[in-house]
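Breakdown of the fold
In case you want the letters, here they are:
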Protein chains: 2
Amino acid sequence: VVTLRAELLELVPDEARVSDGVSVLEGHSADLTYHAGRMPDVVVFPTSTEEVAAVLAHANRERVPVVPYGAGSSLEGHVIPVAGGIVLDLSRLDRIVDVRPADLQATVQAGVPRSALNAAAASHGLQFPVDPGADATLGGMAATNASGTTTVRYGGMRAQVLALEVVLADGTVIRPGSRAVKTSAGYDLRGLFVGSEGTLGVITELTLRLYGIPEHTVAVRASFPDVGAACRAAVAMIGSGVMVTRVELLDAETIAAVNEYMDRTYAEAPSLFIEFGGTEAGVAGDLEATREIAGWEGCDSFEFETQQEGRARLWEARHNSFFALAARSPGKASMSTDVAVPLSELPAAVEFARARADARGRNAVIIGHVGDGNFHVALTIDPADPADLEDAKALNDELVEFALARGGTCSGEHGIGLGKIAYLEQEHGDLIPYYRALKRLFDPNGILNPGKILREVR
Amino acid sequence: VVTLRAELLELVPDEARVSDGVSVLEGHSADLTYHAGRMPDVVVFPTSTEEVAAVLAHANRERVPVVPYGAGSSLEGHVIPVAGGIVLDLSRLDRIVDVRPADLQATVQAGVPRSALNAAAASHGLQFPVDPGADATLGGMAATNASGTTTVRYGGMRAQVLALEVVLADGTVIRPGSRAVKTSAGYDLRGLFVGSEGTLGVITELTLRLYGIPEHTVAVRASFPDVGAACRAAVAMIGSGVMVTRVELLDAETIAAVNEYMDRTYAEAPSLFIEFGGTEAGVAGDLEATREIAGWEGCDSFEFETQQEGRARLWEARHNSFFALAARSPGKASMSTDVAVPLSELPAAVEFARARADARGRNAVIIGHVGDGNFHVALTIDPADPADLEDAKALNDELVEFALARGGTCSGEHGIGLGKIAYLEQEHGDLIPYYRALKRLFDPNGILNPGKILREVR
């Protein structure tokens, strides 16, 4: 019999780029979280849209599952080939097609990491601001509608994607969007593929917005008597028109974990890490406005840094919070919750999360993207103890129930993947039939990243 | 035989709200443009989502066309009942459900005009910034993905809509989105209904973002040696991080038309009308940065105003440009082109438009939303002269061809409606089969606003 690998070698005639070597399969069998891995049958490394189209057309005829793979940094099992088949590793679609400073935009292939685009943009004084933490690929970031610390100012991926090249399940290539900054031409297919997690099509190229790097940037760390005061201060800053580019919350216990890990003495109180950027005069005005607003909410410590090095030092606690957690729990797997709630509900949601984590005796750090009402409870899980995983999931259940009861969402930014399918059904039960119809429309044979977003019904 | 009106009175039992009176039918037969009107058979004024659902379920069973109607201010014939049937006038769904300042959001019924939401938000120091000019309804603005002068800063409607209540063709009510500011939960149906122009469902309720009203605002009028210099200055201002909230271009001939109409002596040169807002210090810094950038591009007149009254006076020429055109052409119908191009292509596109309008001997004003690469050539058309309409359409054909060849779009903000169907086919021929599939999925009997966006195929 002809093997799948041999068939694929007809389409991608390069032994090194169609691999079933164990180490390559293993390297594409898992993500960075608690989700159980599974080996694919073969990993293909296409170098062109045509190769992606050829592989998909073949897989579609033969009913072979295909899982698109970028940097493998997503957090809900998106890249795990739960039904086996082909993993399509897009990391060699790594060409920055062009950077057009006069248009404030760039076109890149899907496998370009965000750091590479930022390096190319920086030489024109421009930046691509979406910052999910990891150095993800831009195709992967679009596929999961990634966002992160700068969303409060710039929006997430859906706001940045002007145009896409997408290969559909049958190998058809379509190009939704345009190079115009705005359009009202036809149904928003571009926005539909953003966040579709590789289940409706494979993104091969993207045209993205770029932004000026602010002339001046200030970083602030401010601590507050309680989580509510910190959150209210953040919302007041945003509402006042201060040019907030980041505003992150760490709760008191998270600061304590960082102190322990880094041997620091930061005040163990709910703290905001704030950044704003603009002209020199604008930033100076924003700093005063921020300090005043923080004062209204009883801020008892307000430090700021204007120079690059000082800013990096000031953000240290935020950046090290996940490492602080990992250091407390060597050898454990990680899980991150991801609910978002309306801004006014955030204090109660964060306090509820801390109380429930404590009640369950769980080691947890809590980090909030306060401007988006989105926060993560990062947990560690003993991979050898199924009851531990069940307990962590039960905590997440509680947080999702709390968020949905207040008009929130089960996923602010990580997406559904494998881990939140039941939550999506809770949140949008009325929409599931239409989700399924969209899936059938674009992927009638169900080959594209099966088992993600929607429960498999065969 | 039972008439349609009698059947609808069973569902909406109020004689005054199910009308086939000639004046009511006439009042719902046309829009504000050159598009030929057509009388509906009946106009229904629902006051609840349940009534909308009942009317749609009935119409779907009986295969009666239904055209949703807000303020009637759209510009591509969206509200014209070209196949007769029911016009669903949503203006009595006019309740502001709630304004939640601590969440920076509000929930409104679809028939609420944007002025009413702004009045309610202003008492909390907040605003709903999307400004298409007309006092459109928020449901209509979402249905057409409206934008306008403030898009450069805040984005258009798709960026503001957090959640929707939508009634589908069969009367099913769905609620895509949530009250969280961001979400990655499931396929983006919310974004799909935004801009679907009433062809996939009828929007009955919206949850929208609100923004702080900037403490200080400055308006600037700056004139330049040529359109290219004006456009480059605008892009440089945006790229520099100045908090531009509006940046509008009028070409020299448009200023001349305003001078003639208003008896003014504005410099008859390409001019930018710029507004920026923020803290007092920020605005002062932005004003200096703006002046410096304008200077690089040879700006020969730079005026600014910081007070409300002075700002209004300064924007006078921009606000009166369409009236100036109408005054030159009494009794004529209007047409507005709507292409958008990448920012670097805007000068050439505007100059091409002026040259072609002049070559055709057409009276035209040209207004650009420079930060979006979107501009309008407003034309007047003799309704009694079919050749005049053909000539105006031929001009639009030329502009669309020019824009598409440069990666642009046929519609920056007005939508497709009746007037741009052929252009949409030119721009997104590859997507039309999927648009049709989406239409069949949500409206299998084709009752919803037939003949808009997509050519009717029966």
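If you're wondering where the values come from, they're calculated on a predicted model, not measured in any experiment.

1. Side note on the relation of the copies chain B and chain A
When chain B is fitted onto chain A, the two copies agree to an RMSD of 0.0 Å after a turn of 180° and an axial shift of 0.0 Å. What the superposition gives is, in effect, a two-fold axis relating one chain to the other. Ranked by how close their C-alpha atoms come to the rotation axis, the residues of chain B are headed by glycine 282 of chain B, at 1.7 Å. Of all interface residues in chain B, 100% are interface residues in chain A too; the two copies therefore contact each other through one and the same surface.

2. Looking at the sheet that holds strand β4 (residues 86-89) of chain A
Strand pairing in a sheet relies on backbone hydrogen bonds. The paired strands run either parallel or antiparallel. Residue and element names in this part refer to chain A. The sheet built from four strands is open, its strands ordered β1-β2-β4-β3 with mixed pairing. Of all strands in the sheet, those with a lone pairing partner are β1 (18-19) and β3 (66-69), marking the two edges. Of the strand pairs in this sheet, strand β2 (residues 42-44) and β4 are connected by three bridges, and their pairing is parallel. By the bridge assignment, valine 43 is partnered in β4 with valine 87. Across the sheet, helix α3 (residues 49-62) touches β2, β3 and β4, and the angle it forms with β4 is around 165°.

3. Observations concerning the pattern of salt bridges
In total, this model carries 68 salt bridges over all chains according to the counting rule given. Across the salt bridge formed by lysine 420 of chain B and glutamate 76 of chain B, the nearest N and O atoms sit 3.3 Å from each other. Here glutamate 76 of chain B lies in the loop between β3 (66-69) and β4 (86-89) and lysine 420 of chain B lies in the loop between α15 (386-405) and α16 (421-427), a separation of 344 residues in the sequence. Each member of the pair lysine 420 of chain B and glutamate 76 of chain B is classed as buried. Bridged by salt links that share partners, the residues Arg356, Arg360, Arg362, Asp388, Asp391 and Glu398 of chain A form one connected network.

4. Describing the sheet that holds β3 of chain B
Residues and elements named next belong to chain B. The strand order β1-β2-β4-β3 describes an open sheet built from four strands, whose pairing is mixed. Taken across any chain shown, the strands that pair with only one partner, and hence form the sheet edges, are β1 (18-19) and β3. Two elements, β3 and β4, share four bridges in a ladder whose sense is parallel. Bridge pairing in β4 places valine 66 opposite isoleucine 86. Sitting on the sheet, helix α3 (residues 49-62) is in contact with β2 (42-44), β3 and β4, with an inclination near 165° to β4.

5. Digging into the interface of chain B and chain A
Between chain B and chain A, the contact holds 78 residues from the first and 79 residues from the second. Across the interface of chain B and chain A, roughly 6,000 Å² is buried in total on both sides, 62% from carbon and sulfur atoms. There are six salt bridges connecting chain B and chain A. Across the pair lysine 182 of chain B and aspartate 372 of chain A runs a salt bridge, and its minimum N-O distance is 3.1 Å. At the junction of chain B and chain A, the tally comes to 29 residue pairs in polar contact (both at pLDDT 80 or more). At the level of elements, α8 (189-193), α9 (227-239), α11 (280-296), α16 and α17 (432-442) of chain B are the ones that each hand at least two residues to the side of chain B that touches chain A. The element that contributes the greatest number of residues to the side of chain B that touches chain A is α17 of chain B, accounting for seven residues. A class-by-class count of the residues in the side of chain B that touches chain A yields 32 nonpolar, 31 polar and 15 charged.

6. Quick look at the packing of aromatic side chains
Enumeration according to the criterion identifies 12 aromatic pairs over all chains in this entry. Plain terms: the ring middles of tyrosine 187 of chain A and tyrosine 435 of chain B are 5.4 Å apart, the flat faces sit at 80° to each other, and that makes the pair edge-to-face. Taken together, the positions of tyrosine 187 of chain A in the loop between β9 (173-174) and α8 (189-193) and tyrosine 435 of chain B in helix α17 put the pair across two chains. Taken as a pair, tyrosine 187 of chain A and tyrosine 435 of chain B share a single burial class, namely buried. Through pairs of rings, three or more aromatic residues link up here, namely Phe193 and Phe442 of chain A together with Tyr434 of chain B. Positioned over the ring face of phenylalanine 402 of chain A is arginine 406 of chain A, at 3.5 Å from the centre of the ring. In this structure, arginine 92 of chain B is placed above the aromatic ring of phenylalanine 45 of chain B, and the distance from its NZ or CZ to the ring centre is 4.6 Å.

7. A look at the nonpolar core
Formed by 195 residues in total, the largest nonpolar core has its most connected members in Leu206 and Leu272 of chain A together with Leu206 and Leu272 of chain B. Ignoring any residue separated from it by four or fewer positions in sequence, one finds leucine 206 of chain B in contact with Ala106, Thr107, Val108, Gln109, Ala110, Leu138, Gly139, Ala142, Val161, Ala163 and Leu164 of chain B.

8. So, the packing of helix α11 (residues 280-296) of chain A against α11 of chain B
Contact geometry for α11 of chain A and α11 of chain B: axes closest at 7 Å, N-to-C directions at 175°. What the angle tells us is that α11 of chain A and α11 of chain B run roughly antiparallel. Contact residues: α11 of chain A offers Ala281, Gly282 and Gly285 of chain A, while α11 of chain B offers Ala281, Gly282 and Gly285 of chain B. In terms of residue class, the contact of α11 of chain A with α11 of chain B is made up of two nonpolar, four polar and no charged.

Thresholds, definitions, all that
Residues numbered from 1 in each chain as written. Chains lettered and ligands numbered in written order. Predicted model: local features only at pLDDT ≥ 70, side-chain atom pairs only at ≥ 80, totals over all residues. Heavy atoms only, no water. Least-squares fit on C-alpha atoms with pLDDT ≥ 70 in both. Contact = heavy atoms within 4.5 Å. Pairing = 2+ DSSP bridges. Helix = DSSP H or I, 4+ residues; strand = E, 2+ residues; numbered from the N terminus. Axes fitted to C-alpha atoms, helices over the stretch in contact; angles between N-to-C directions. Salt bridge = Lys/Arg side-chain N within 4 Å of Asp/Glu carboxyl O. Buried < 20%, exposed > 50% of the residue type's maximum accessible area, 1.4 Å probe, protein only. Buried area = accessible area lost by both parts, 1.4 Å probe. Polar contact = N/O pair within 3.5 Å; in protein donor to acceptor, adjacent residues only side chain to side chain. Nonpolar A, V, L, I, M, F, W, Y, C, P; charged D, E, K, R; others polar. Phe/Tyr/Trp six-rings, centres within 6.5 Å; stacked < 30°, edge-to-face > 60°. Lys NZ or Arg CZ within 6 Å of the ring centre and 35° of its normal. Core = buried A, V, L, I, M, F, W, Y, C linked by side-chain atoms within 4.5 Å. Parallel < 35°, antiparallel > 145°, perpendicular 65-115°, else oblique.

As far as function goes, none of this settles anything; it's purely spatial.
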